[in-house]
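Each chain, letter by letter, is given below.
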Amino acid sequence: MRVLLHISDPHFGTERPQVVEALERLAHAQAPELVILSGDITQRARKVEFAAAGAFMDRLAVPSRLVIAGNHDIPLFDLVTRIFGPYSRYRRVFGSDLEPVHDAPELLVIGVRTTRRYRHIEGEVSARQVEHVARRLKQADEHQLRIVVTHQPVYVTHVEDEEHLLRGHQKAIAEWAQAGADLILGGHIHRPFISGLHDSFTSLQRPIWVVQAGTAVSTRIRHDSNNSVYLIRHGLAGSARQCEIERWDYDEDSKEFAMIQSKALRIA
């Protein structure tokens, strides 16, 4: 099966060096074809933090990458840059495309810009963005695993996280599910979990899963999990698509990432 690495919220500027090194070892051992970074790359969108994040991504030595910005990747205190060039520092390291797409024979990954310069923390997805992503999903090949990536979550499991829900998430879930999305990946709340949206939204006519990542390497650990990342394994069994999600947490004793959960997903 093919392998993807999903990381989020590394918050470079607050990174734990030993965890960074362990994640690099995990990437080298698992050899994913693509690394997906779902935002909050830096802590304060400083040039030095973006440079450190770019060097880290290079050291992972993954053939392809898909990166989107988080709210922390827009300068907070530098108001001139925030207003007139909110993504200028991001673009110098990760390119000009704020909504990148990875299109391969068995995989389609669509990045969505959910950050806004006029929002400090929360994010939103416009009706135009929802429709654009839905059109792209409808063009997918039947053999492709179809993934949408946002920074802020479209679904949460705890009441205290509801204030962080992506504005426009209900319309996005409904239209993207109908258009054929299999997974929606996110970050932002530093609470890792996997959940079937079709179990919570009974109107959905097909399986669609949310995969929320914790913080990959930062000291900004919250809730009941340590630094964590996901490996997504996918492939074809005859004409049937298969997908398995593995959660890997950093273990303080071994100083390595260890798999603590594996879930085979039902996909249409």
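So, here is what we can say about the structure in this document.

What counts, and where the lines are drawn
Per chain, the residues get numbers from 1 upward, laid out in the order the sequence is written. Local features in this predicted model are restricted to residues of pLDDT 70 or higher, and side-chain atom pairs are both shown and tallied only at a pLDDT of 80 or more, whereas totals for entire chains, interfaces and linings draw on every residue. Computation of side-chain values: all heavy atoms of the structure, hydrogens and water removed. Numbering of helices and strands runs from the N terminus, with a helix taken as a DSSP run of H or I at least four residues long and a strand as a DSSP run of E at least two residues long. Two things to know: the radius of gyration comes from C-alpha atoms, and the globule rule equals 2.2 Å times the number of residues to the power 0.38. We call a residue buried when its accessible area falls under 20% of the maximum for its residue type, exposed when it is over 50%, and partly exposed in between, using a 1.4 Å probe and counting protein chains only. What makes two residues a contact is simply this: any of their non-hydrogen atoms within 4.5 Å. Computed by Shrake-Rupley with a 1.4 Å probe, the accessible areas treat only the displayed protein chains as cover when residues are assessed. The term salt bridge refers to a side-chain nitrogen of Lys or Arg lying within 4 Å of a carboxyl oxygen of Asp or Glu. In this scheme, strands are said to pair when DSSP sees at least two bridges between them. Axis definition: a line fit to C-alpha positions, over the contact stretch in the case of helices; interaxial angles, taken between N-to-C directions, run 0 to 180 degrees. Definition of nonpolar core: a set of buried residues of the types Ala, Val, Leu, Ile, Met, Phe, Trp, Tyr and Cys, connected through side-chain atoms within 4.5 Å.

The next point concerns the overall build of the protein chain. Scanning the protein chain for helices and strands turns up seven helices and twelve strands. For a compact globule of 268 residues, the expected C-alpha radius of gyration is about 18 Å, and the protein chain comes in at 17 Å, within 12% of that figure. Once the C-alpha set of the protein chain is aligned to its principal axes, its extents read approximately 45 × 45 × 35 Å. Expressed as a percentage of the 268 residues in the protein chain, the buried residues total 59%. Taking the contacts inside the protein chain whose residues are at least 6 apart along the sequence as the reference set, 73% of them involve residues at least 24 apart. Accessible area of the protein chain: about 11300 Å², with a carbon and sulfur share of 48%.

Under the criterion given, the structure shown has 16 salt bridges. Notably, a salt bridge pairs R65 with D58, separated by 3.0 Å at the nearest N-O pair. Judged by its relative accessible area of 51%, D58 falls in the exposed class. Across the salt bridge formed by R191 and E160, the nearest N and O atoms sit 3.2 Å from each other. Here the residue R191 occupies a position in the loop between β7 (183-186) and β8 (193-196), and E160 occupies one in the loop between β6 (145-149) and α6 (169-179), the gap between them amounting to 31 residues.

Across the sheet, which stays open at both edges, the six strands sit in the order β3-β2-β1-β10-β11-β12 with mixed pairing between neighbours. Because the sheet does not close on itself, it has two edges, and the strands there are β3 (64-68) and β12 (256-265). Adjacent strand axes in the sheet meet at a mean angle of 20° when their direction is disregarded. Pairing of strand β2 (residues 34-38) with β3 involves five bridges; the strand directions are parallel.

Our next topic: the side chain of S195. Relative to the helices and strands, S195 resides in strand β8. If sequence neighbours within four positions are ignored, S195 has contacts with Y155, I208, W209 and V210.

Another aspect to go through is the environment of A45. Along the polypeptide, A45 turns up in the loop between β2 and α2 (47-60). C-alpha of A45 to C-alpha of P75: the two residues are 30 residues apart in sequence and 5.2 Å apart in space. Among residues more than four places away in sequence, those in contact with A45 are F50, H72, D73, I74, P75 and R89.

Before going further, it helps to spend a moment on the nonpolar core. Counting residues in hydrophobic clusters, the biggest one holds 34 residues, and the most contacted among them are I7, L23, M57, V229 and F257. Listing elements by their share of this core, those giving two or more residues are β1 (2-7), α1 (17-30), β2, α2, α4 (88-94), β10 (228-237) and β11 (240-251). Per-element accounting of this core gives the leading share, six residues, to α1. Residues within four places of F257 in sequence aside, it is in contact with V19, A22, L23, L26, A216, N227, S228, V229, W248, D249 and Y250.

Strand order in this open sheet of six strands is β4-β5-β6-β7-β9-β8, and the pairing throughout is mixed. Two strands close off the open sheet at either side, each with one partner strand: β4 (101-104) and β8. Between one strand axis and the next, the sheet turns through 15° on average, direction left out of account. Direction of pairing for strand β5 (residues 107-111) relative to β6: parallel, over a ladder of five bridges. Note on β6: the bridge partner recorded for V109 is I147. Along the sheet face, helix α5 (residues 127-138) touches β4, β5 and β6 and points at about 170° away from the line of β5.

Before going further, it helps to spend a moment on the pairing of β4. Along β4, the buried face is formed by H102 and A104; none of V101 and D103, which line the opposite face, is buried. Inspection of the sheet shows β4 paired to β5 by four bridges, in the antiparallel sense. Within β5, the residue paired with D103 across the bridge is L108. Count of turn residues in the β4/β5 antiparallel hairpin: two residues.

Honestly, it's all geometry; don't read function into it.
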